[in-house]
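As a plain string of letters, each chain reads:
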Amino acid sequence: ATLNLNAMNQAPNPWHVSFSYARALQNTTLKTWAGAADNVEAAQAALIQRAGNNSAAQLGKYVPDGEAATAAEGMYEKGYKY
């Protein structure tokens, strides 16, 4: 999602191009946390990094160097009910 947002903002647009960051922010954070108290600090750091990356992508200035592997994983979960 971050890469797609960044690509959309590489060229001038007649309007502001953004998207809902909720799932994009949560994916890496939740996978890092995994429900373990020992992972809270790492999950918080992942959230801050993801927010910064999405902020840069909104400006078309995102560089994916040093991304966690979980950032590239899909968010689809078969059978997930909302």
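Refer to the structure presented above.
Rules behind the numbers
Residues numbered from 1 in each chain as written. Predicted model: local features only at pLDDT ≥ 70, side-chain atom pairs only at ≥ 80, totals over all residues. Heavy atoms only, no water. Helix = DSSP H or I, 4+ residues; strand = E, 2+ residues; numbered from the N terminus. Expected span 1.5 Å × (residues − 1). Contact = heavy atoms within 4.5 Å. Polar contact = N/O pair within 3.5 Å; in protein donor to acceptor, adjacent residues only side chain to side chain. Buried < 20%, exposed > 50% of the residue type's maximum accessible area, 1.4 Å probe, protein only. Axes fitted to C-alpha atoms, helices over the stretch in contact; angles between N-to-C directions. Parallel < 35°, antiparallel > 145°, perpendicular 65-115°, else oblique. Left-handed = near helix turned anticlockwise from the far one by under 90°. Nonpolar A, V, L, I, M, F, W, Y, C, P; charged D, E, K, R; others polar. Patch = residues over 30% accessible without salt bridge, like charges linked within 9 Å, V, L, I, M, F, W, Y side chains within 5 Å. Areas by Shrake-Rupley, 256 points an atom, 1.4 Å probe, with all protein chains shown as cover. Salt bridge = Lys/Arg side-chain N within 4 Å of Asp/Glu carboxyl O.

Participant: Outline helix H3 (residues 40-58), supporting the account with residue identities and numerical values.
Facilitator: Helix length check: H3 (19 residues) gives 27 Å between terminal C-alpha atoms against 27 Å at 1.5 Å per residue, within 8%. Next to the buried residues of H3 lie helix H1 (2-8) and helix H2 (22-33). Following H3 by one or two positions, Gly60 has its phi on the positive side, about 75 degrees.

Participant: Explain the side chain of Asn9 to me, using residue names and the numbers behind them.
Facilitator: Take Asn9: it is sitting in the loop between H1 and H2. For Asn9, the side chain forms a polar contact with the main-chain oxygen of Leu5, separated by 3.1 Å. Beyond its immediate sequence surroundings of up to four residues, Asn9 is in contact with Val17, Ala57, Gln58, Leu59 and Gly60.

Participant: I'd like a rundown of the side chain of Thr2, residues and numbers included.
Facilitator: Structurally, Thr2 is set in helix H1. Polar side-chain contacts of Thr2 include one of 3.0 Å to the side chain of Arg50. Discounting residues that sit within four places of it in the chain, Thr2 has contacts with Arg50, Asn53, Asn54, Ala57 and Tyr62.

Participant: Talk me through the environment of Trp33; I want residue IDs and the actual numbers.
Facilitator: Among the secondary structure elements, Trp33 is positioned in helix H2. We classify Trp33 as partly exposed; its relative accessible area is 37%. Setting aside its immediate chain neighbours within four residues, Trp33 contacts Asn39, Val40 and Ala43.

Participant: Requested: an account of the packing of H2 against H3, with residues and values cited.
Facilitator: Here H2 crosses H3 at 160 degrees, and the two axes come no closer than 8 Å. What the angle tells us is that H2 and H3 run roughly antiparallel. Here H2 and H3 pass one another in a crossing that is right-handed. Residue-level inspection shows Ala24, Leu25, Thr28, Thr29, Thr32 and Trp33 of H2 in contact with H3, the latter providing Val40, Ala42, Ala43, Ala46, Leu47, Arg50, Ala51 and Asn54. Of the residues contributing to the contact of H2 with H3, the split by class is nine nonpolar, four polar and one charged.

Participant: I'd like a rundown of a nonpolar patch on the surface, residues and numbers included.
Facilitator: Taken together, the side chains of Leu30, Trp33 and Val40 present a nonpolar region at the surface, about 260 Å² in accessible area. The class of Val40 is partly exposed, set by a relative accessible area of 33%.

Functional significance is not addressed by these values, which are geometric in nature.
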